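Here is how the chains run, residue by residue.
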Amino acid sequence: MNFKNDTVMELKTKAQTNYMNLPKVSISGAEAVVRCLIAEGIDIIYGYPGGAIMPVYDEFYKYHKEIYHVLTRHEQGATHAAQGYARISGKVGVAIATSGPGATNLITGIADAQIDSTPMVCITGQVPSHLLGSDAFQETDIVGISTPVTKWNHQITRAEEIPEVMAKAFYIARSGRPGPVLIDITKDAQFESFDFTYKKCVGVRSYKPIPKLNPESLKAAAQLINSAKKPLIVWGQGVILGEAEKEFKAMVEKTAIPAAWTIMGVSAIPTEHPLNVGMVGMHGNYGPNVLTNECDVLIAIGMRFDDRVTGNLSEYAKQAKVIHFEIDPAEVDKNVKTDVAVLGDAKQSLKAILPLLNKNTHSDWLDKFKALSKIEFEKVIKGDLYPTKKGLTMGEVLKEINLQSKGKAAIVSDVGQHQMIACRYAEFSQTRGNITSGGLGTMGFALPAAIGAKMASPEREVVAVIGDGGYQMTIQELGTIFQTKAAVKIVVLNNDFLGMVRQWQQLFFDKRYASTEMTNPDFVAIAKGYHIAAKRVTDRADLAAAVKEMMTSKDAYFLEVCVEKEDNVFPMIPSGASVSDIRLE
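Because the structure is predicted, anything quoted here is derived from the model rather than measured.

(A) Empty space enclosed by the protein, seen in detail. Going through the model one piece at a time under the given rule, you end up with 2 cavities of 30 Å³ or more. A volume near 60 Å³ is recorded for the largest cavity. Arg-87, Gln-237, Ile-240, Met-264, Arg-432, Gly-433 and Asn-434 are the residues that line the largest cavity. Of the residues assigned to the lining of the largest cavity, the class counts are 2 nonpolar, 3 polar and 2 charged. Empty space within the second largest cavity amounts to approximately 50 Å³. In this structure, the second largest cavity is lined by Asp-384, Thr-393, Met-394, Gly-395, Ile-421, Asp-567 and Asn-568. Taken together, the residues that form the lining of the second largest cavity break down as 2 nonpolar, 3 polar and 2 charged.

Here it is, written out as structure tokens:
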């Protein structure tokens, strides 16, 4: 079955069987897996079949009207597609693979989901239980391998375990701070029959996914915020994961505090909001980085003080009182010492603190951000978006996409220079607009993630912005687009380099470009080989028309834009430097 924009809508409106209320019936473990997925509301899964998972795939064949299986071209592509599905929808993404190499090929995507808090359930087949530990064909200890990068994992050797373990898996994946869960099922458990019933999991003993709000912490935080003269908010993905956008916007507007975002938090409030002062971090905006070391109260909301945000920790915001709104207690005081920790779900925490906050203005403080923004515009942004040199820039490509999308598109970026440009310049008018690999920095993420995002939200335009290096790591997923007809828009910014590594080599290794220059294939010909409309742009005069043609296409479209080979991304905080040492050139 080909995927059209209305395929998911059709599946979602079908009267799916409520397997939780049926009387006990004897079925195979494989059929139980599929029924559990349907009971959890899963309508799309991504995977690749093989011997150890074949019984489950046989049930997918029977249940194809209830659940849509997408055959990716690589198991890593399945995990990234499931991530894209989860990130844009807020639902749990599902990936499935066979044992051995099929299972190990999931690991990169699982690790990516773990560090970026993406809810995902991965199901792997395993050799029959009597062969476990015997080095059987395609046997791998995937539970042991995945333990460091999963929120929870479990191996099933008896069919009767399946309903309880599957229910627990979905509960753990989506609750609290979300994350990936892996379930490994032996082949004999898939064949074995048992009396099936299903009950959703609503709690796990000793697992408390949402800390209880402490009223005293809320009062202490409010007191600091109300008395601050130079407060700064830095928000992360926790606002989006907690569906706290409305409460967050209300807080920002009531207090009039300048608010800056991490790359995972962008789009929680519109880009054009007057109190949105830009991105923090290594390639973030000049104002919020410099003024981090001038604010008197730093309010961190749903972010984890990653090293790419803080720079040199010994010089990070030492003058400020730090308030940390966080759902995961493990993140509090891990990197930055907190004066007040507000543990809890972001939506609940922000809703509770809002009545305690004074309506305020910080116009003089906000003017400092505006002044530094003008400096950045003259030294960096003007050249990126309105270049006078002959060669095309990555920034002007994003500017054209913004003009066509009006901030409504979801931008799925890979990892590298283009990622930083996309995060800096993409405009968002609605939440869940930025999908990227943040913590792990996985090249190859964007193309399959864009497929998952488009399938989860077919009514929304999804644009994958990718570098020529990362694109070739999962280029085979063009086959998935061809087979499913998912209308993904793909933009490859081609500079014939591994651009971010080359930039570091230029700045810190005396231009010794070791193994970073690329001899690339004909990307347009490859796309056309998959029957995807494609175009290459080399001249500025052709850019606007090409972007418009791509954005107005009803089908998948590939656009290659040949950009300057040695352009760099600025501002930049050198590795190990303070946020105050941010460079504009």
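That shown, we press on.
(B) Broad picture of the environment of Thr-393. Mapping Thr-393 onto the fold places it in the loop between α16 (363–385) and α17 (394–405). Along the sequence, Thr-393 and Tyr-316 sit 77 residues apart, while their C-alpha atoms lie 32 Å from each other. Every residue in contact with Thr-393, bar those within four places of it in the chain, is listed here: Gly-383, Asp-384, Pro-387, Val-563 and Asp-567. Within polar-contact distance, the side chain of Thr-393 engages the backbone oxygen of Asp-384 at 2.6 Å.

(C) The nonpolar core, seen in detail. With 96 residues, the main nonpolar core has Ile-233, Trp-235, Phe-248, Leu-298, Ile-299 and Ile-301 as its most contacted residues. Excluding residues within four positions of it along the chain, Trp-235 makes contact with Phe-248, Ala-259, Ala-260, Trp-261, Thr-262, Gly-265, Val-266, Ala-268, Ile-269, Asn-276, Ile-301 and Met-303. Core analysis: the second largest hydrophobic core is formed by 52 residues, Met-120, Phe-445, Ala-464 and Leu-478 among them.

(D) How the structure looks around the environment of Val-277. Summarising the element assignment, Val-277 is placed in strand β11 (residues 276–279). Between the C-alpha atoms of Val-277 and Leu-232, which are 45 residues apart in sequence, the distance is 9.8 Å. Contact partners of Val-277, with chain neighbours within four places excluded, come to Pro-258, Ala-259, Ala-260, Asn-285, Pro-288, Leu-366 and Phe-369.

(E) The layout of surface pockets, seen in detail. Estimated volume of the second largest pocket: approximately 810 Å³. In this structure, the second largest pocket is lined by 27 residues; those nearest its centre are Thr-271, Glu-272, Asn-276, Ser-373 and Ile-381. Sorting the residues of the lining of the second largest pocket by element identifies β11, α13 (286–292), α16, α17 and α18 (417–425) as the ones contributing at least two each. Per-element tally for the lining of the second largest pocket: the top contributor is α16, with 9 residues. Each residue belonging to the lining of the second largest pocket can be placed in one class, and the counts come to 13 nonpolar, 7 polar and 7 charged.

Quick notes on the rules
Residues numbered from 1 in each chain as written. Predicted model: local features only at pLDDT ≥ 70, side-chain atom pairs only at ≥ 80, totals over all residues. Heavy atoms only, no water. 1 Å grid on protein atoms, 1.4 Å probe; cavity = no way out; pocket = protein on both sides within 12 Å on 5 of 7 lines; lining within 4 Å. Points joined across faces, edges and corners; volume = space filled by probe spheres on them. Nonpolar A, V, L, I, M, F, W, Y, C, P; charged D, E, K, R; others polar. Helix = DSSP H or I, 4+ residues; strand = E, 2+ residues; numbered from the N terminus. Contact = heavy atoms within 4.5 Å. Polar contact = N/O pair within 3.5 Å; in protein donor to acceptor, adjacent residues only side chain to side chain. Core = buried A, V, L, I, M, F, W, Y, C linked by side-chain atoms within 4.5 Å. Buried < 20%, exposed > 50% of the residue type's maximum accessible area, 1.4 Å probe, protein only.

Function cannot be read off these values alone, since they describe shape.
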